[in-house]
Amino acid sequence: MKHKSIRGMEDILPQDAGIWRWLEDATRKNLQSYGYKEIRTPILEDTAIFVRSIGETTDIVTKEMYTFKDRKSRSLTLRPEGTAPIVRAYIEYSLDKISPQLKLYYIGPMFRSEKPQKGRSRQFHQIGAEILGTDSPYADAELIVQLDNMLKLFGLREFTIKLNSLGCKKDKDNFAGKLKKYLEGKKNRLCKDCKERLKKNVLRVLDCKNDSCIEIARNTPNIADNLCTTCKGHFDKVKATLKTMKINFVETKNLVRGLDYYTGTVFEITDPLLGSQDAIGAGGRYDNLVKDLGGPDIPAVGYALGIERIIIALKKKMPTLKTVNVVYVATLGDAAKIHGIQIAEKLRKELPGIIVITDIKEGSLKSQMRNADKNNAKIVLILGENELNAGKVIIRDMIKKEQDIIPRDSVIKEIKKHIEIRPPEEVEPQ
Ligand code: HAM
């Protein structure tokens, strides 16, 4: 019997692993340059951590968590997101004592039992960033500036940053009352789930994807119009800073987010290069979560990006992920083969960062060219007996489909001309 991977849980195959590594490396460098430090938490946590933080009535908790009992009948859950585990670790190890303002990042798999479709899987990966220990609006603004900067570094340009504020707990409760009153009169037109939400967690109605609920949500009161003076002042400063930094954002009145821990600033990033699952990331403030999970009263703000979705968008932008740093050395005949190995060693030594592949099968030129193509080579060096005797080598640019014959001792110089320093848009091959 042939085994298959579990539905919604995908393998990352060698032909894709290079993009993942490139993205992860770029992420680490970018976040570290803003002072973020990495944190790695376990994949399994006590179920209660997620129920308490994400919220008992949210879709994630009611429908999507992989929860099971271990051999000692303890309820465990595969983490559906990274914020709650980080807050758990922050409290457990008193990380507030290390630094009053701590910037943390993580990269890793998350699990939600949703219906799989393009851009939605059951094991997916997030890049996340969290700032703990400050309620300053400048923390929110810096977080969004960094996020915008990193997405552009990845090569994304068309994304939209949707921004809103939910206000403090009191504001949220006040608004929930108003919204409930407004929706009571339109109850019949709400979907079955939203009728329940109306009773238990009315803000979730604004997040519903049902057409009739979307229609009703269009005319509801605006949460950002109901903020107290402090929360309005906070939101105004976030917006003003983003404007000064020339970060484009769209104020979006019904943006409430699918997790209950948010207060104050919330945001979502969408990209038109994706289909219906167009959110490449989202985040916001969660000023009460540390306290709610039993820790000190410490405010925080953060975001998470979906790596699979970023890669879908990148691949759309670059349908041919032809790469910029693979050189294939094609050789014919024993003498050329030995010379080829020497050239390859020299290239590896003198041009760090490039990948050099040689023919190790003694194939025909045709099969070597095919192999070069399969390895996404940007440059092929061709060395046969004639070239060898003339002290030359053929250099072929596989993207431009042009070739030239050059003196062998100028190979490094010529390759440098073809293999540019990789611009951010380019991704590394496997
Ligand atoms: P979230 O909106 O639930 O927020 O997820 C963030 C991102 O993870 C989404 O925008 C999407 O790109 C990706 N994602 C979520 N579910 C899936 C899925 N089933 N398949 C593929 N990608 C998915 C959070 O998780 C919060 N912890 C973000 C945060 C951090 N807020 C504050 N700090």
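One structure accompanies this document, and this report is about it.

Conventions we followed
Residues numbered from 1 in each chain as written. Predicted model: local features only at pLDDT ≥ 70, side-chain atom pairs only at ≥ 80, totals over all residues. Heavy atoms only, no water. Helix = DSSP H or I, 4+ residues; strand = E, 2+ residues; numbered from the N terminus. Buried < 20%, exposed > 50% of the residue type's maximum accessible area, 1.4 Å probe, protein only. Contact = heavy atoms within 4.5 Å. Lys, Arg positive; Asp, Glu negative; His and termini not counted. Charge placed at Lys NZ, Arg CZ, Asp CG, Glu CD. Pairing = 2+ DSSP bridges. Salt bridge = Lys/Arg side-chain N within 4 Å of Asp/Glu carboxyl O.

With that out of the way, let us pick up the overall build of the chain. Helix and strand content of the chain: 15 helices and 16 strands. By residue count, 53% of the 430 residues in the chain fall in the buried class. In the chain, of all internal contacts separated by at least 6 residues, the share reaching a separation of at least 24 is 71%. Once the 75 positive and 58 negative side-chain charges of the chain are each reduced to a mean point, those two points are 3 Å apart.

The next subject is the sheet that holds strand 7 (residues 160–165). Pairing is mixed in the open sheet, where 8 strands are placed in the order 1-5-6-11-10-9-7-8. Of all the strands in the sheet, just strand 1 (37–38) and strand 8 (250–251) have a single pairing partner and so form its edges. Here 5 bridges tie strand 10 (residues 279–285) to strand 11 (residues 300–306), and the two strands are oriented antiparallel to one another. Looking at strand 11, one finds that Gly281 is bridged to Leu305.

Under the criterion given, the structure shown has 29 salt bridges. Of the charged contacts in the structure, one is a salt bridge between Asp148 and Lys152, with a shortest N-O distance of 2.7 Å. Of this pair, Asp148 and Lys152 both sit in helix 5 (residues 137–154), 4 residues apart, which is roughly one turn of the helix. In this structure Asp148 comes out as buried when scored by relative accessible area, which is 6%. We note a salt bridge from Asp260 to Arg204, for which the minimum N-O separation is 2.6 Å.

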